[in-house]
Amino acid sequence: GNSVTQMEGPVTLSEEAFLTINCTYTATGYPSLFWYVQYPGEGLQLLLKATKADDKGSNKGFEATYRKETTSFHLEKGSVQVSDSAVYFCALSWNTGNQFYFGTGTSLTVIP
Amino acid sequence: DTGVSQDPRHKITKRGQNVTFRCDPISEHNRLYWYRQTLGQGPEFLTYFQNEAQLEKSRLLSDRFSAERPKGSFSTLEIQRTEQGDSAMYLCASSRDPREFFHTEAFFGQGTRLTVV
């Protein structure tokens, strides 16, 4: 079946540190891949997406590359800020599908 | 505000009571989804609508749960005879039809946090 596996948190980084949050997926074919972010007390917001192999999604300094060969979509940012503290969710969906499949989320705390 | 809105934001209810939540999707979106999220977990799919038709329900959606989208616009999720295990954040999302708009993303509301005491 379809599933998304994320690295377990929580992750704590100092401001300006490099961030990697790992995400791998199990699916047949070529799903669309997404990263969503959830700030405390809020709903999920789309951070970035990629729709085919080798595509790179980017937004607000975050990047993720769709790697078909490793079935991965790792999230990276070169220099994190305190305001990046949130929970990050990796997700996939299908054009012919009925839902979005989410990972369990990775909590990030950035300390000054 | 043209985003997805949910009402109420918070609901505290006694075990055994019925509750109803409302979701207003983005107006041009004909897909509407309900998800449930518990602490430390990702959203779990409950059900989705294509316009007014409810096309799939998760096995998580017991007989006590019912969802409607009567005119293909807003949706309601009702939980009857609530149990403490129903305590969670209930998220609504909407999207364009992915069969027509490939790779489209879902837009989420801020959720309704239900606490059953």
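Only a predicted model underlies this, so the values are computations on that prediction, with no experimental measurement involved.

1. Brief notes about the overall build of chain B
On a plain count of helices and strands, chain B comes out with 0 helices and 11 strands. Moving toward the C terminus, one meets the helices and strands of chain B in the order β-β-β-β-β-β-β-β-β-β-β. The C-alpha radius of gyration of chain B comes to 14 Å, within 12% of the 13 Å expected for a compact globule of 117 residues. Expressed as lengths along the three principal axes of its C-alpha atoms, the size of chain B is roughly 45 × 25 × 25 Å.

2. Thoughts on unusual backbone geometry
Between Gly9(A) and the following residue, Pro10(A), the backbone shows a cis peptide bond with an omega angle of -5 degrees. When you line up the elements, Pro10(A) lands in the loop between strand 1 (3–6) and strand 2 (11–14). A cis amide bond, omega -5 degrees, links Asp7(B) with the succeeding residue Pro8(B). Secondary-structure assignment places Pro8(B) in the loop between strand 1 (5–7) and strand 2 (10–13). Although it is not a glycine, Thr71(A) adopts a positive phi angle of roughly 45 degrees.

3. Focus: the nonpolar core
Grouped together as the largest cluster of nonpolar side chains are 27 residues, with contacts concentrated most on Trp35(A), Leu47(A), Leu48(A), Phe73(A), Leu75(A) and Tyr88(A). When residues no more than four places from it in sequence are discounted, the contact partners of Leu47(A) are Trp35(A), Tyr36(A), Val37(A), Asn59(A), Phe62(A), Leu75(A) and Tyr88(A). One finds Phe49(B), Ala67(B), Leu77(B) and Ala88(B) within the second-largest nonpolar core, a separate group that totals 19 residues.

4. A look at the sheet that holds strand 1 of chain B
All names here are of chain B. What the 4 strands build is an open sheet, ordered 1-3-8-7; its pairing is antiparallel. Edge positions in the sheet fall to strand 1 and strand 7 (65–68), since each of these pairs with one other strand and no more. Strand after strand, the sheet turns through a mean of 15 degrees between neighbouring axes, direction not considered.

5. What about the packing of aromatic side chains?
Using the criterion set out here, one finds 16 aromatic pairs over all chains in the structure. Ring centres 5.8 Å apart and planes at 75 degrees place the aromatic pair Phe102(A) and Phe108(B) in the edge-to-face group. Here Phe108(B) lies in strand 10 (residues 107–108) and Phe102(A) lies in strand 11 (residues 100–102), a pairing that spans two chains. A residue is classified by how much of its surface remains accessible, and Phe108(B), at 10% relative accessible area, is buried. Geometry around Tyr30(A) places Lys68(A) over its ring, the cationic atom sitting 4.5 Å from the centre. In this structure, Arg22(B) packs its charged tip against the face of Phe74(B), placed 4.0 Å from the ring centre.

6. Examining the side chain of Asp84(A)
Residues and elements named next belong to chain A. Among the structural elements, Asp84 can be located in the loop between strand 9 (75–77) and strand 10 (86–93). A relative accessible area of 6% means that Asp84 is categorised as buried. A distance of 2.8 Å separates polar atoms of two side chains, one belonging to Asp84 and the other to Lys77. The contact partners of Asp84, leaving out residues within four places of it in the chain, are Phe62, Lys77, Leu108 and Val110.

About the thresholds
Residues numbered from 1 in each chain as written. Chains lettered and ligands numbered in written order. Predicted model: local features only at pLDDT ≥ 70, side-chain atom pairs only at ≥ 80, totals over all residues. Heavy atoms only, no water. Helix = DSSP H or I, 4+ residues; strand = E, 2+ residues; numbered from the N terminus. Rg over C-alpha atoms; globule rule 2.2 N^0.38 Å. Core = buried A, V, L, I, M, F, W, Y, C linked by side-chain atoms within 4.5 Å. Buried < 20%, exposed > 50% of the residue type's maximum accessible area, 1.4 Å probe, protein only. Contact = heavy atoms within 4.5 Å. Pairing = 2+ DSSP bridges. Axes fitted to C-alpha atoms, helices over the stretch in contact; angles between N-to-C directions. Phe/Tyr/Trp six-rings, centres within 6.5 Å; stacked < 30°, edge-to-face > 60°. Lys NZ or Arg CZ within 6 Å of the ring centre and 35° of its normal. Polar contact = N/O pair within 3.5 Å; in protein donor to acceptor, adjacent residues only side chain to side chain.

Any link to function would need more than the numbers given here.
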